[in-house]
Structures are given as structure tokens and as C-alpha cells.
Amino acid sequence: MSVRFPLSVSTWNNAEVSAIQRVLQSGQYTMGPEVSLFEKEFSAYFGSRYAVMVNSGSSANLLMIAALRYVKDLSYRLSPGDEVIVPAIAWATSFYPLYQYGLRLRFVDIDVDTLSYDISMLKAAITSRTKCILAVNLLGNAQNYGEMLSLAVENGIFLLEDNCQSMGASYNGKCAGTFGVMGTFSTFYSHHISTMEGGVVVTDNEELFHILLSLRAHGWTRNLPHENKVTGFKSEDEFVESFKFVLPGYNVRPTEISGAIGVEQLKKLPYLVRRRRENAVRFNQAFSDHPAFRIQKELGESSWFGFAIIARRNEKWSRNEILRKFKDTGFECRPISTGNFTKNPVLKLMDCDVSGGIKNAEFIDACGFFIGNNHVDNSDAVDAISSIAF
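If you're wondering where the values come from, they're calculated on a predicted model, not measured in any experiment.

**Regarding the sheet that holds strand β9 (residues 199-203)**
Here comes step 1: Reading across from one edge, β1-β9-β8-β5-β4-β2-β3-β15 is the order of the eight strands in this open sheet, with mixed pairing throughout. Each having just a single partner strand, β1 (50-54) and β15 (352-354) make up the two edges of the open sheet. This sheet shows a mean twist of 20 degrees between the axes of neighbouring strands, independent of strand direction.
Here comes step 2: Sheet analysis places β1 next to β9, joined by five bridges and oriented antiparallel. Directly across from Val 52, in β9, lies its bridge partner Val 201.
Here comes step 3: Packed onto the sheet, helix α2 (residues 33-46) meets β1, β8 (182-186) and β9 and runs at close to 130 degrees relative to β1.

**Brief notes about the side chain of Ser 56**
Here comes step 1: By secondary structure assignment, the location of Ser 56 is in the loop between β1 and α3 (57-70).
Here comes step 2: Among the residues examined, Ser 56 registers a relative accessible area of 16% and is labelled buried.
Here comes step 3: Among the polar contacts made by the side chain of Ser 56, one reaches the main-chain amide nitrogen of Ser 58 at a distance of 3.4 Å.

**What about empty space enclosed by the protein?**
Here comes step 1: Evaluation of the coordinates by the stated rule reveals one cavity of 30 Å³ or more.
Here comes step 2: Here the largest cavity is characterised by a volume of approximately 50 Å³.
Here comes step 3: Lining the largest cavity are Leu 7, Ser 8, Val 9, Thr 11, Tyr 189, Ser 190, His 191, Arg 276, Asn 373, Asn 374 and His 375.

**Re the packing of aromatic side chains**
Here comes step 1: As enumerated under the stated definition, the model contains 27 aromatic pairs in all.
Here comes step 2: Taking the centre distance of 3.9 Å and the plane angle of 5 degrees together, the rings of Tyr 145 and Phe 179 count as stacked. You can see Tyr 145 sitting in helix α6 (residues 145-155) and its partner Phe 179 sitting in the loop between β7 (174-175) and β8, a full 34 residues away along the chain. Of the two residues examined, Tyr 145 and Phe 179, each falls in the buried class.
Here comes step 3: Measuring from ring centre to ring centre gives 5.8 Å for Trp 304 and Phe 307, while their planes differ by 45 degrees; the resulting arrangement is tilted.

**Digging into the pattern of salt bridges**
Here comes step 1: All chains considered together, the criterion is met by 18 salt bridges.
Here comes step 2: Between Glu 16 and Lys 268 there is a salt bridge, with the nearest N and O atoms lying 2.8 Å from each other. In this pair, Glu 16 sits in helix α1 (residues 14-26) while Lys 268 sits in helix α9 (residues 256-287), placing the two residues 252 residues apart along the sequence. One exposure class covers both Glu 16 and Lys 268, and it is buried.
Here comes step 3: A salt bridge links Arg 22 to Glu 34; the nearest nitrogen and oxygen atoms lie 2.9 Å apart. Here the residue Arg 22 occupies a position in helix α1, and Glu 34 occupies one in helix α2, the gap between them amounting to 12 residues.
Here comes step 4: Overall, the relative accessible area of 14% leaves Glu 34 in the buried class.
Here comes step 5: One connected set of salt bridges, linked through shared partners, spans Arg 104, Arg 106, Asp 351 and Asp 353.

**Here we look at the nonpolar core**
Here comes step 1: Within the largest apolar cluster, 86 residues are counted, with the highest numbers of intra-cluster contacts made by Leu 160 and Phe 326.
Here comes step 2: A total of eight residues in this core trace back to one element, the largest contributor, which is α3.
Here comes step 3: Here Leu 160 is in contact with Met 64, Ile 65, Leu 68, Cys 132, Ile 133, Leu 134, Ala 135, Val 181 and Met 182, once residues within four sequence places are set aside.
Here comes step 4: Residues Val 108, Ile 119, Leu 151 and Leu 159 belong to the second largest nonpolar core, which totals 20 residues.

**A short note on the layout of surface pockets**
Empty space among the atoms becomes visible once a probe the size of a water molecule is rolled across them.
Here comes step 1: The calculated volume of the largest pocket comes to roughly 550 Å³.
Here comes step 2: Considering the residues around the largest pocket, the lining is formed by 27 residues, among which Trp 91, Gln 165, Ser 190, His 191 and Phe 305 are closest to the centre.
Here comes step 3: Elements with a minimum of two residues in the lining of the largest pocket: α3 and α4 (92-100).
Here comes step 4: In terms of residues, the lining of the largest pocket owes the most to one element, α3, which gives three residues.
Here comes step 5: Here the lining of the largest pocket is composed, by residue class, of nine nonpolar, 14 polar and four charged.
Here comes step 6: When its volume is computed, the second largest pocket comes out at roughly 270 Å³.
Here comes step 7: If you trace the second largest pocket, you find 19 residues lining it, with Phe 5, Asn 374, Asp 377, Asn 378 and Ala 381 closest to the centre.
Here comes step 8: If you list the elements that add at least two residues to the lining of the second largest pocket, you get α9, β16 (368-372) and α12 (379-386).
Here comes step 9: Ranked by residue count, the leading element in the lining of the second largest pocket is α12, at four residues.

About the thresholds
- Residues numbered from 1 in each chain as written.
- Predicted model: local features only at pLDDT ≥ 70, side-chain atom pairs only at ≥ 80, totals over all residues.
- Heavy atoms only, no water.
- Pairing = 2+ DSSP bridges.
- Helix = DSSP H or I, 4+ residues; strand = E, 2+ residues; numbered from the N terminus.
- Axes fitted to C-alpha atoms, helices over the stretch in contact; angles between N-to-C directions.
- Contact = heavy atoms within 4.5 Å.
- Buried < 20%, exposed > 50% of the residue type's maximum accessible area, 1.4 Å probe, protein only.
- Polar contact = N/O pair within 3.5 Å; in protein donor to acceptor, adjacent residues only side chain to side chain.
- 1 Å grid on protein atoms, 1.4 Å probe; cavity = no way out; pocket = protein on both sides within 12 Å on 5 of 7 lines; lining within 4 Å.
- Points joined across faces, edges and corners; volume = space filled by probe spheres on them.
- Phe/Tyr/Trp six-rings, centres within 6.5 Å; stacked < 30°, edge-to-face > 60°.
- Salt bridge = Lys/Arg side-chain N within 4 Å of Asp/Glu carboxyl O.
- Core = buried A, V, L, I, M, F, W, Y, C linked by side-chain atoms within 4.5 Å.
- Nonpolar A, V, L, I, M, F, W, Y, C, P; charged D, E, K, R; others polar.

By themselves, these observations are geometric and do not establish any function.
Here it is as C-alpha cells:
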């Protein structure tokens, strides 16, 4: 059957097309003023001092971890062998930069209702080697930041956030992605706003901001301010500074087209999140007590990236049977992120362990999937699910 209810739909109109044309007519295609404007407006929108745009959410995660290898402030320095707590369900590139910088991953189970950390398991996982916690917000849902931050303070560790699936979510009025030392966002096509490909790192720390600027473009000094936290002061001679390399960086710069599109998309974000939440009200009212499956519970205010469907334990219908019925009804379906990531063969290459068992992640892996949500009214989708015979 053809897909009636896709995972995502376009949020573009003439505003984005005009932005692309504006860039093409300018002749400035590589990172420039449009990217700078998007970064300025993005940081203001989310209440962070700084925002650095890159070419993907995965690159944002990479730069976030890389910056902590070179920061002079030892309270945030991550060195090879340091332990980072991670959830058993996240995206693959939430984990890979930690491995690539020689860090030890300690996997912790999630809460089966919210898909966020199981706080009791998180507390038990902290050891003398733990330097930080990586919070990954799944399907638009925020973490229990109150308890998580209390744990961090009590244990003298810090928090990082992968908020790539949850732009627009909040907890006690504060935007998810801004609770940690740094937070990452994605602007990939299927996410809350789309710049085709793209990502952002936000932080309030000026030193980390300057490190991110250098790492984003080859590790050179060209994009640093004259007085900066990486080199101190730059030469006044632009020729001297044009190819001066101070950090082992990358080239993960965004294009001007992505920046220009981002400016237009950011204007729409309040509307897009509001419509996703309206869809969630309909979905939750219809299926909060469904006999065959359970759905994700909200922490704070979710931005509802998608809707989790989790087959109930020991019920008549298995995940595969429920999944088949959804597909036959026209729904595009995907696993909940990576499912239980620790089942993947790539872990053989990583320095990692599992703390206290991950039965909930395994249950989600075996019994869960998600369907899409977007800004289009989902009444027809809700009616279609309601018509499925269980």
C-alpha cells in the first residue's frame, strides 16, 4: 500500500525559495553573512549566548565532544579514558564522537514511558571515573532536568545535550538543549525546521564558542575574533592569519543557502511546534489507554518529533503484527531511534560497559516503533489508527 501518512513533510514555501535565490544572486555560496545571521537569531531564540551552525546534527555532536578535548577550563576537559554516561537508546552519532576521542561510554537504561533516562539507574551508574552525562532527548521529549542536574551537582560532573530530535521542547519554561554546557540541534529535512542538511551547537561558554569556531573550519584562526580564548590575540595581518592552524579541526561548515533557509525556517518554528502539539493532543486523547499498545508520556513540554507506539507486554498483538497493521493502513514507520544500541556489532570497537542492565531499552527495541508527526492536521491519521481492528 502507498504511504498516506509519511514520517515528514516539507515546511518550505516561497520564503525559502526566495532565500535560495537571494544567495544565488549574491555570489556568496560558502559560509558567510546568512549563516552569521541565522546563528545570531538561533541563539536569541533559544536563550543561549552563542550558536555555531555546521553541516549536520552529527557534525554538531562531533564538534561538541572535540571542543571538550581542547578546552583550558579543566572542569570541562574530557581526556582519553574519562567516562561519559550515555542512554542505551540514542542516535549512532550521539555515541561515535565519544569513542573517536578515546572516552569510555557507560550505557544506562531508559524509562519505558518517557524514553528518557531512568533516573534511579542513572544515579547508580555514576562512578569516580564519570566526568559528564550526555542527555539525548528522543522524539521531541525533554529529560527530567531537575533531578538530572541535581545529580550532576552532587557528583561534581557536568551535562551535555543531544537535542537533535527535540527542537522546541522545554522543561519548566527553559528550552531543551540549553541546560548543559553545550547542546546540539539538527536541521535535517525530517526535523522540526529544515535547512536541507544542517546542525547547530549552542553554549554560554565563550572559550568553547571560540574553540568551536576554529574546529568547524580546519582548526585555523581565520574565523576567530581578534581577541579570543584560543590564541589570545590574532595578528593584525590578515595574510599571516589566513592559513594559521592551531587545532586539529575539520571542515564541517554549512553553506550560505542553508543559513538563509534557516533564517526563514526559524520564523516558522513557533507555529510548527504549536501545530505538532495540537496533533499530540488529538493523538494522546485517542490512544492514551489503547488495549494493544502504549504511547510516550510527556516530560515538560514536548515538541513531538513523532509518536512512539510500543506493544504492551504479554498482549495478544506482537510488535510485528501491530507494525504490519500500521503499514497496511498507510503509515511510514521506523524503529525508535537505534533501539537498544548495545546490540550493534560496532560496540566491539568501543571502550564501553553497561550499568545495571537495560531491560527497558531491550523492551523498546523488541516492541516499539514510531510514526511521524508534523505541522499538518493529523485528524485523518488518528481516525485511520482508530479504524484498525485490534
